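One letter stands for each residue in the lines below.
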Amino acid sequence: SLRSLVRNWDSQHELGWSWLWENVERMLKAVLHKPAVQQKALQLFYNRLDETAMQFVRREVYIRFFAMAPTGQDYFKQSTTRLHFIIDKMTSMTMEMYQSPKS
């Protein structure tokens, strides 16, 4: 627990800790219904992509990923086919998480 890590835990710490978790609870309650809506929108988006559009998405994922994390290029030195497989797998796993979040 955080309390054990702070030497001089006092009422101000307790107040801050309570405030943090009350806000976390409020924010989670505000978005609890959204996964169902997001899943439908994402499924619709993926279903509408033709092969050309999917190729673009695959490319853009890696372009943006490597721009944000350049060292990622050291770990993704596979063929384009393999990189596309990874993105396709990521896409299907994302949909599975929405459809069965507890599996």
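All values reported here derive from a predicted model rather than from experimental measurement. Along each chain, the written sequence defines residue order, and numbers are assigned to residues from 1. Residues qualify for local features only when their pLDDT is at least 70, as the model is predicted, and side-chain atom pairs are given and counted only at 80 or more; totals for whole chains, interfaces and linings, by contrast, use all residues. The side-chain values count all of the structure's non-hydrogen atoms but skip hydrogen atoms and water molecules.

**Regarding the confidence of the model for the protein**
Here's step 1: For the protein, per-residue confidence averages 89 on the pLDDT scale, and residues scoring 70 or more make up 98% of the total.
Here's step 2: For every residue, the predictor assigns a confidence score, pLDDT, that lies between 0 and 100. Each helix corresponds to a stretch of at least 4 residues labelled H or I by DSSP, and each strand to a stretch of at least 2 residues labelled E; elements are numbered beginning at the N terminus. Between the elements of the protein, mean pLDDT differs from a low of 80, seen in helix α1 (residues 2-5), to a high of 93, seen in helix α4 (residues 51-68).

**Here's the deal with the packing of aromatic side chains**
Here's step 1: Side-chain rings of Phe, Tyr and Trp, where Trp is taken by its six-membered ring, are said to pair if the distance between their centres is within 6.5 Å; with planes under 30 degrees apart they count as stacked, over 60 as edge-to-face, and otherwise as tilted. Scanning the entire structure with this criterion turns up 8 aromatic pairs.
Here's step 2: Between Trp17 and Trp21, the aromatic rings sit 5.8 Å apart at their centres with planes inclined by 75 degrees, giving edge-to-face as the arrangement. Remark: Trp21 and Trp17 occur in helix α2 (residues 11-31); sequence separation between them is 4 residues, near one turn of the helix.
Here's step 3: When its relative accessible area of 31% is taken as the criterion, Trp17 is described as partly exposed.
Here's step 4: Throughout this description, buried means an accessible area under 20% of the type-specific maximum (1.4 Å probe, protein chains only), exposed means over 50%, and partly exposed covers the range between. Residue class for Trp21 comes out partly exposed when judged on its relative accessible area of 46%.

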